[in-house]
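# Architecture at a glance
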Number of protein chains: 2
Amino acid sequence: MARTGTEELRRRNRAALVEQLHRHGPQTRAELTEALGLNRSTIGALAADLAEAGYVQETTGRSTGSAGRPSTLAECVPKAATVTAVEIRVDRVRFALVGLGGEVLERAETALDGADPVDAIEVVTGGTARDALEAVAAVPGLVDAGEVAHSTELGWAGRDLAGDLASATGREWQVVDTATAAAVGEWSRGDAHEATKLLYLHGGRGLTAGLVVDGLAPRGGSIQLGHIVVQPGGRECACGLRGCLEAEMEVFGYAEDIEYATLAAGMGDAAARDGLRRSGEDLGRALGAVVTATGPDEILFGGWLRELYLSAAAPVRSALAETTLPHLRSRLRLRTPVLGDEGALIGAAETGFATVVDRMR
Amino acid sequence: MARTGTEELRRRNRAALVEQLHRHGPQTRAELTEALGLNRSTIGALAADLAEAGYVQETTGRSTGSAGRPSTLAECVPKAATVTAVEIRVDRVRFALVGLGGEVLERAETALDGADPVDAIEVVTGGTARDALEAVAAVPGLVDAGEVAHSTELGWAGRDLAGDLASATGREWQVVDTATAAAVGEWSRGDAHEATKLLYLHGGRGLTAGLVVDGLAPRGGSIQLGHIVVQPGGRECACGLRGCLEAEMEVFGYAEDIEYATLAAGMGDAAARDGLRRSGEDLGRALGAVVTATGPDEILFGGWLRELYLSAAAPVRSALAETTLPHLRSRLRLRTPVLGDEGALIGAAETGFATVVDRMR
DNA sequence: ATCATATGTTGCAGTCAACAACAAATCTCG
DNA sequence: CGAGATTTGTTGTTGACTGCAACATATGAT
């Protein structure tokens, strides 16, 4: 199982070095020595090895400003390993080709106009997907082993997306959910690196949430935030249940709606203001259950939930306060994401790089 | 960080061998070779190494029944590494000294009669705790870094139990929550080894739940099942919130109550039957939120929830069906634990062994 | 009784990381 | 301006571990 050997050891160390450079950017050999806990000579050998393989570039003779021999700086070669990331929404598909180190090499986007997203993949990726080491698609919904078990936004249930993408593009795809991808993105390339348990809430046409623990997504898929029942026996939801958060928050279906509502509320529309408050309370209640069950220390409000949170933070907080124990609340930070709309795409790419690095081991 | 070296490699392999024997019992060298993916000679060297260190005993010449040279069987030496496990309840403290391989070497129990559990520790463990490699205490409640943040059953909030135990016994203690410990126990020594996401529900004077993913407890502590709000604005709970599951299920406070109720219901008491049904429904609703948030594939009803589930499975299932998506439900098995009352104690010991093995690496 | 089979043992070779001594390149202080 | 201090890269050596292959051992099957 562990398949541990002396060759395996070198591979692991090489992978660790690549991961270190990918995650923390260009570093001197001395810094790498410190970070990996290996000997200077070992780092030198590994770096030379990786430089020959083309993964790493070493720029020599940087003046450090302090005493001592100047370090040679090691950095990733972006084109040495690329990952195709795709984010699927109901109305459009976005694509990014990301290089080792995190640099975005290409980017594209297509509106769908009702077409099936899978049919748009080849166009939007422009064929570059084939050369990438990994291809990852983020979809808003409940993903289980490449299959989209449920997606309010896309109206899918039990669709084998990984299979469909494979037959459409001729290569393997990894499927993740948008919220978890965004959580990974915010953790790795955003502002939430200190969070040990990060909960990302994604508001699209449906509501999902993704959890990341120590930067890793626990297997088992995302949290269907929209289908937390906040009103037993309440309004009928498209999923067949009653009183789901999505159904109860009927005021807001999509990003445009929330903008109108905040605008109207800002201009003194009492009904809009009331709607915002009620929606915030519903969200806070659903969140209470999720927080009690998962115990995060940071929550990010993404998608249109960002706007809702910014204009209805008080009701969200008070409803949350009514439904979670003080201790769980005390260590909890509520914020909005810094990567904006890019989080899921970046996170999908990072998910791909995680498996790329894993495969090097 | 990774501190990888050639010496580290041997340690890792040695730890892997011990872990393998601890978890899967006595095995032939050939089986170990297969399981660890190492060479026969390597296994031989490791086994000899560990035998000399006293961790492993090799009994030679077992007749296998099939052709070929008979294998030498390697097995753990229980006394080579022991773990002290303690389960704290409001009315009693239970203790087990568990040896490597999982054998229970000693066992004791004391009623508390209102005394502080910490004061009873030295008596119940009989001083053997000091010689154990690890000491683990399981408590029903929300545990965070050795501190009991909240416990309905014990009436504690923010108690530094790890510290109190340390000053009472003169050694370090690990503190885990009962439900998570029981989940670990059922996964490792019980019947739930196939579950990838195992949710254990523990009914004591409070209700907690513990999650185990691939046999490991994700950091961050247990799930306060009893403080999932099932009735917004409902009955006041001791925790200060309103409508908590614990408060709404006021019919049952402890094991004796559920026995009376099931007895009465069996004899035709309509009120008791109704109470059971309502409690089952409340539990199912709270469970719905937890399942939506965590997505387990197996749920075990432990403590007095076992009795509730056995006599009110239908309302639990129907309430669960009303509050979780079909896909999450479809892969879900509901069962009762096989280790009975021992689960938490055994799981606490296994938690200890996990760190013992980790420290060998 | 002999062969096939399965397993443990031994010696050897390959590889890798730590260590130490040395070289290189910069800064600082007199 | 120069010598020493400082930091870092390089090289050769050493110790250790694992894989491999050949051999030894013990049993069942024919």
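Quick caveat: nothing in here was measured; it's all calculated off a predicted structure.

Scanning chain A from terminus to terminus reveals 13 helices and 14 strands. By the compact-globule yardstick of 21 Å for 361 residues, chain A fits well, its C-alpha radius of gyration being 22 Å. By its C-alpha atoms, chain A is 70 × 45 × 45 Å across when sized along the principal axes. Within the span of chain A, comprising 361 residues, buried residues form 54% of the whole.

Attention shifts here to the protein's contact with DNA strand C. Of all residues adjacent to DNA strand C, which total 26 residues, the nearest are A:Arg10, A:Asn13, A:Ser41, B:Arg29 and B:Arg69. The contact atoms of DNA strand C, taken as those within 4 Å of the protein, divide so that sugar and phosphate hold 68%. In this structure, A:Thr42 approaches DNA strand C through a side-chain N or O atom, which is 3.0 Å from a phosphate oxygen. In the environment of DNA strand C, a phosphate oxygen lies 3.4 Å from a nitrogen or oxygen atom belonging to the backbone of B:Ala30. Elements with a contribution of two residues or more to the surface near DNA strand C: α1 (6-24) and α3 (40-53) of chain A together with α2 (29-36) and α3 (40-53) of chain B. Counted by class, the surface near DNA strand C contains five nonpolar, 15 polar and six charged residues.

Moving on to the protein's contact with DNA strand D. In the vicinity of DNA strand D lie 25 residues, with A:Arg29, A:Arg69, B:Arg10, B:Asn13 and B:Ser41 positioned nearest. Counting only atoms of DNA strand D within 4 Å of the protein, the fraction found in sugar and phosphate groups is 68%. A distance of 2.2 Å separates a phosphate oxygen of DNA strand D from a polar atom in the side chain of A:Arg29. One nitrogen or oxygen atom from the side chain of B:Ser41 is found 2.8 Å from a base nitrogen belonging to DNA strand D. Taken together, the elements giving at least two residues each to the surface near DNA strand D come down to α2 (29-36) and α3 of chain A together with α1 (6-24) and α3 of chain B.

Attention shifts here to the interface of chain A and chain B. The partner chain B presents 47 residues to the 46 residues of chain A that form the contact. With its nearest N and O atoms 3.3 Å apart, the salt bridge here joins B:Asp214 to A:Arg219. Inspection of the chain A/chain B interface yields six residue pairs in polar contact (both at pLDDT 80 or more). Elements with a contribution of two residues or more to the side of chain A that touches chain B: α1, α2, β8 (142-144), β9 (147-150), α9 (270-294) and α12 (326-330) of chain A. The greatest single-element share of the side of chain A that touches chain B, amounting to six residues, is contributed by α9(A).

What follows covers the relation of the copies chain A and chain B. Structural alignment of chain A on chain B gives an RMSD of 0.0 Å, achieved by rotating through 180 degrees and translating 0.0 Å along the axis. Taken together, the rotation angle and the small translation identify this as a two-fold axis. Comparing interface residues between copies, 100% of those in chain A also lie at the interface in chain B; the contact surface is shared.

The subject of this paragraph is the domain arrangement of chain A. Residue and element names in this part refer to chain A. Per the domain assignment, the segments of chain A are domain 1 (6-76), domain 2 (81-181 + 342-360) and domain 3 (194-337). Between the C-alpha centres of domain 1 and domain 2 the distance comes to 31 Å. Counting residues at the interface gives eight residues for domain 1 and eight residues for domain 2. Area buried by domain 1 at its contact with domain 2 is led by Ala15, His22 and Tyr55, which between them contribute 61% of it. Viewed at the interface, domain 2 and domain 1 are joined by zero salt bridges. Scanning the region where domain 1 abuts domain 2 turns up two residue pairs in polar contact (both at pLDDT 80 or more). A breakdown of the residues in the side of domain 1 that touches domain 2 according to their chemical character gives five nonpolar, one polar and two charged.

Residues and elements named next belong to chain A. Pairing within the open sheet is mixed, and its five strands lie in the order β6-β5-β4-β7-β10. Two strands in the sheet have a free side with no partner beyond their single neighbour: β6 (104-111) and β10 (174-177). With direction set aside, neighbouring strand axes in the sheet form an average angle of 20 degrees. As judged from the four bridges shared by strand β7 (residues 134-139) and β10, these two strands associate in the parallel manner. In the sheet register, Val136 faces β10, and the bridge partner there is Gln174. Here helix α13 (residues 343-360) sits on the sheet in contact with β4 (82-88), β5 (92-99), β7 and β10, set at roughly 145 degrees to β4.

Let's shift gears to helix α9 (residues 270-294) of chain B. Residues and elements named next belong to chain B. When the terminal C-alpha atoms of α9 are compared, their 35 Å separation across 25 residues agrees well with the 36 Å that a helix rising 1.5 Å per residue should span. Where α9 begins, one side-chain oxygen reaches toward the backbone nitrogen of Ala271, 2.9 Å away; that side chain belongs to Asp269. Just past α9, the residue Gly295 takes up positive phi, approximately 60 degrees.

Before going further, it helps to spend a moment on the pattern of salt bridges. All names here are of chain A. In this structure the tally under the stated criterion is 66 salt bridges over all chains. With a closest N to O distance of 2.7 Å, Arg159 and Asp164 form a salt bridge. You can call Arg159 buried: its relative accessible area is 16%. One salt bridge connects Asp282 with Arg285, and the closest N-O pair in it is separated by 2.9 Å. Pair noted here: Asp282 and Arg285 are both in helix α9, with a separation of three residues, about one helical turn. Relative accessible area serves as the criterion here: at 11%, Asp282 is assigned to the buried category. A residue is classified by how much of its surface remains accessible, and Arg285, at 22% relative accessible area, is partly exposed. Through salt bridges with shared partners, one network takes in Glu87, Arg89, Asp91, Arg92, Arg94, Arg107, Glu109, Asp341 and Glu342.

Conventions adopted
- Residues numbered from 1 in each chain as written.
- Chains lettered and ligands numbered in written order.
- Predicted model: local features only at pLDDT ≥ 70, side-chain atom pairs only at ≥ 80, totals over all residues.
- Heavy atoms only, no water.
- Helix = DSSP H or I, 4+ residues; strand = E, 2+ residues; numbered from the N terminus.
- Rg over C-alpha atoms; globule rule 2.2 N^0.38 Å.
- Buried < 20%, exposed > 50% of the residue type's maximum accessible area, 1.4 Å probe, protein only.
- Near = heavy atom within 4 Å.
- Polar contact = N/O pair within 3.5 Å; in protein donor to acceptor, adjacent residues only side chain to side chain.
- Nonpolar A, V, L, I, M, F, W, Y, C, P; charged D, E, K, R; others polar.
- Contact = heavy atoms within 4.5 Å.
- Salt bridge = Lys/Arg side-chain N within 4 Å of Asp/Glu carboxyl O.
- Least-squares fit on C-alpha atoms with pLDDT ≥ 70 in both.
- Domains from an automatic or database assignment.
- Buried area = accessible area lost by both parts, 1.4 Å probe.
- Pairing = 2+ DSSP bridges.
- Axes fitted to C-alpha atoms, helices over the stretch in contact; angles between N-to-C directions.
- Expected span 1.5 Å × (residues − 1).

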